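Read off the chains here:
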There are 2 protein chains.
Amino acid sequence: MSRQGDARRERLSRARLYLVTDARSAQGDLDTFLDSVLTAGVDIVQLREKEAEAGDLLRWCPTFRAAADRHGALFIVNDRPDVAVAAGADGVHVGQNDLPPAMARAAVGDDLILGLSTHSAAEYDASPSEADYLCVGPVHATPTKPGRPATGLGIVRHASACERDGAETRPWFAIGGIDTETILEVVEAGATRVAVVRAITESPIPASSVSDLIEALQGRPVS
Amino acid sequence: MSRQGDARRERLSRARLYLVTDARSAQGDLDTFLDSVLTAGVDIVQLREKEAEAGDLLRWCPTFRAAADRHGALFIVNDRPDVAVAAGADGVHVGQNDLPPAMARAAVGDDLILGLSTHSAAEYDASPSEADYLCVGPVHATPTKPGRPATGLGIVRHASACERDGAETRPWFAIGGIDTETILEVVEAGATRVAVVRAITESPIPASSVSDLIEALQGRPVS
């Protein structure tokens, strides 16, 4: 692995707040939105546009790449290893029905971060070693993932227990309907990292919600 | 380039009839359908499922791969260089809003065939050298490409002229609403290769339509 791969994984190890967003629902200008939430403390930003063609993704990526660079954050592309490489992203995130981790790893090489969604304790336990981090959820049902049943907090407790006893050392992010209210129970269940969509993209004051989420992750009460 | 890349391009140079199909609209059993049309003379088969996730594509690919192998045909994956590599396809086909040819080439390496859609004489003339073959059209409006205006026969005549005077040496396929009737004017305009979807997938007797299309390409009247 190169120094670039090491630097990316070092950033990943310190990441707490992970924003998943499309390029269009961002409030106002995308540049301004990203600067605002990255300044407020988002560590990782993922471009997720399930319906977009690669050409559209490639047109949006430079805005994400530049914003992440300005703030020392990581930029991850959802679903498309080929686009992640072409766009110079820091990594790619795949789901259980995307390119399997071994194939995604082969496509991106060793220097990019690879993330994987898991939706049950069994999927979490079976997650291939090619993945650098895991997402667990959706804890709550969410319109962002229609048709995907909520896992509840059990998977969060499971991941937390695996981390505590050393069975799993990779960073993991709780995801799914987590906002400045629901984050409290997620943290109580053992999560130290969360990934969110609407808690930031639909917030009246995104930067303020970022601060609140980070405070909750630090164990302090949300303002 | 390896011998595998050479063999694929040699097959491409001899190809006349190119079937683009999804995995679900094939009549009856997919295996049986593919065997039938490949026996009748289809030279290239492309799996095109714009809405499918990579995991679904990967589940369908082995059926296409095996059928193509049984008949010495080429198997191409639409849009996804990463899936084409992972599935052991012979190549990938990209459109003007997919991964650009240079990036797609970087993702698949030199041994895979790369195809590119062009929708005007200008796009045809500007097609990057990374593409091994070109599609020109849609000659007629087609429900397969909603919102894409028909090019008419002008682009076919243009491609034919470029081929005749040596300005362009790569194989090109006329595409878009070509069936056993409309192929006659396309051949008259200079096409020696065509790509079709519905002319085969929606034919009452797919193998018979394949034979008719091939006869037309050979300049003989359609039965």
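What follows concerns the environment of Glu-185 of chain B. All names here are of chain B. Tracing the backbone shows Glu-185 in helix α8 (residues 183-188). Separated by 31 residues in sequence, Glu-185 and Ala-216 have C-alpha atoms that sit 10.0 Å apart. Contact partners of Glu-185, with chain neighbours within four places excluded, come to His-140 and Leu-153.

Moving on, we come to the sheet that holds strand β3 (residues 74-78) of chain B. Residue and element names in this part refer to chain B. If you trace the 8 strands once around the closed barrel, you get β1-β2-β3-β4-β5-β6-β7-β8, paired in parallel fashion. Taken pair by pair, the neighbouring strands of this sheet meet at an average axis angle of 25 degrees, ignoring direction. As judged from the 3 bridges shared by strand β6 (residues 133-136) and strand β7 (residues 172-175), these two strands associate in the parallel manner. The residue bridging Cys-135 from the neighbouring strand is Phe-173, located in β7.

The next thing to look at is the interface of chain B and chain A. Opposite the 20 residues of chain B that make contact, chain A presents 20 residues. Taken together, the two surfaces of chain B and chain A that pack against each other cover about 1,400 Å², and 49% of this comes from carbon and sulfur. Looking at the side of chain B facing chain A, the largest losses of area belong to Asp-82, Asn-97 and Leu-99 of chain B, adding up to 36% of the total buried there. Applying the counting rule to chain B against chain A returns 4 salt bridges. Of the charged contacts, one joins Glu-53 of chain B and Lys-50 of chain A as a salt bridge, the two residues approaching to 3.8 Å between their closest N and O atoms. The tally of links from chain B across to chain A stands at 10 residue pairs in polar contact (both at pLDDT 80 or more). Put simply, the parts of the chain that give the side of chain B that touches chain A at least two residues each are α3 (54-71), α4 (81-86) and α5 (101-108) of chain B. Broken down by element, the side of chain B that touches chain A gets its largest block of residues, 5 residues, from α3 of chain B.

What follows is about the packing of aromatic side chains. Residue and element names in this part refer to chain A. Evaluation of the coordinates by the stated rule reveals 8 aromatic pairs over all chains. With 5.2 Å between their ring centres and 90 degrees between their planes, Tyr-18 and Phe-173 make a pair best called edge-to-face. One end of the pair, Tyr-18, is in strand β1 (residues 17-21); the other, Phe-173, is in strand β7 (residues 172-175), with 155 residues separating them in the sequence. Take Tyr-18 and Phe-173: they sit in the same class, and that class is buried. Centre to centre, the rings of Tyr-133 and Phe-173 are 5.6 Å apart; their planes meet at 80 degrees, and the pair counts as edge-to-face. Here the residue Tyr-133 occupies a position in strand β6 (residues 133-136), and Phe-173 occupies one in strand β7, the gap between them amounting to 40 residues. Of the residues examined, Tyr-133 reaches a relative accessible area of 0% and is grouped as buried. Looking at Phe-173, the relative accessible area reads 0%, which means it is buried. By way of ring pairs, the aromatic residues Tyr-18, Tyr-133 and Phe-173 are connected into one cluster.

The next thing to look at is the relation of the copies chain B and chain A. Each copy superposes on the other: chain B lies on chain A with an RMSD of 0.0 Å after a rotation of 180 degrees and an axial shift of 0.0 Å. The two molecules are tied by a two-fold rotation axis, judged by turn and shift. It is Asp-82 of chain B whose C-alpha, among those of chain B, lies nearest the rotation axis, at 2.9 Å. Same-surface contact between copies: 100% of interface residues of chain B are shared with the interface of chain A.

This part takes up the packing of helix α2 (residues 30-40) of chain B against helix α10 (residues 206-217) of chain B. Residue and element names in this part refer to chain B. Two elements in contact, α2 and α10, have axes whose closest approach is 8 Å; the angle formed by their N-to-C orientations is 25 degrees. Relative to α10, α2 is oriented roughly parallel. In the crossing of α2 with α10, the sense of the turn from one axis to the other is right-handed. On α10, the residues that touch Phe-33, Ser-36, Val-37 and Ala-40 of α2 are Pro-206, Ala-207, Val-210, Ser-211 and Ile-214. Classifying every residue of the contact of α2 with α10 gives 7 nonpolar, 2 polar and no charged.

Since the α-helix packs 3.6 residues into each turn, any two residues three or four apart lie on the same face. End to end, α3 of chain B covers 26 Å across 18 residues, agreeing with the expected 26 Å (1.5 Å per residue, within 8%). At Trp-60 of chain B, α3 of chain B shows its largest bend, some 30 degrees, and a proline, Pro-62 of chain B, comes one to four positions later. By the burial criterion, the buried members of α3 of chain B are Ala-54, Gly-55, Leu-57, Leu-58, Trp-60, Cys-61, Phe-64, Arg-65, Ala-67 and Ala-68 of chain B. Elements that come into contact with the buried residues of α3 of chain B comprise α5 (101-108) of chain A together with β1 (17-21), α2, β2 (44-47), β3 and α4 of chain B. At the exit of α3 of chain B stands Gly-72 of chain B, carrying a positive phi of roughly 65 degrees.

Next up on the list: the sheet that holds strand β8 (residues 194-196) of chain A. Residues and elements named next belong to chain A. With respect to topology, 8 strands assemble into a closed barrel ordered β1-β2-β3-β4-β5-β6-β7-β8, the strand pairing being parallel. Direction aside, neighbouring strands of the sheet carry axes that sit 25 degrees apart on average. Of the pairings in the sheet, the one linking β1 to β8 comprises 3 bridges and is parallel in character. Across the sheet, residue Leu-19 finds its bridge partner in β8, namely Val-196. Across the sheet, α5 is in contact with β4 (91-94) and β5 (113-118); its angle to β5 comes to roughly 160 degrees.

Further remarks concern the pattern of salt bridges. Inspection of the entire model under this criterion finds 30 salt bridges over all chains. A salt bridge links Asp-79 of chain A to Arg-80 of chain B, with the shortest nitrogen-to-oxygen separation between them at 3.5 Å. You can see Asp-79 of chain A sitting in the loop between β3 (74-78) and α4 (81-86) and its partner Arg-80 of chain B sitting in the loop between β3 and α4, one on each of two chains. Of the two residues, Asp-79 of chain A and Arg-80 of chain B, both sit in the buried class.

Rules of the game
Residues numbered from 1 in each chain as written. Chains lettered and ligands numbered in written order. Predicted model: local features only at pLDDT ≥ 70, side-chain atom pairs only at ≥ 80, totals over all residues. Heavy atoms only, no water. Helix = DSSP H or I, 4+ residues; strand = E, 2+ residues; numbered from the N terminus. Contact = heavy atoms within 4.5 Å. Pairing = 2+ DSSP bridges. Axes fitted to C-alpha atoms, helices over the stretch in contact; angles between N-to-C directions. Buried area = accessible area lost by both parts, 1.4 Å probe. Salt bridge = Lys/Arg side-chain N within 4 Å of Asp/Glu carboxyl O. Polar contact = N/O pair within 3.5 Å; in protein donor to acceptor, adjacent residues only side chain to side chain. Phe/Tyr/Trp six-rings, centres within 6.5 Å; stacked < 30°, edge-to-face > 60°. Buried < 20%, exposed > 50% of the residue type's maximum accessible area, 1.4 Å probe, protein only. Least-squares fit on C-alpha atoms with pLDDT ≥ 70 in both. Parallel < 35°, antiparallel > 145°, perpendicular 65-115°, else oblique. Left-handed = near helix turned anticlockwise from the far one by under 90°. Nonpolar A, V, L, I, M, F, W, Y, C, P; charged D, E, K, R; others polar. Expected span 1.5 Å × (residues − 1). Bend = angle between axes of the 7 residues up to and from the residue.

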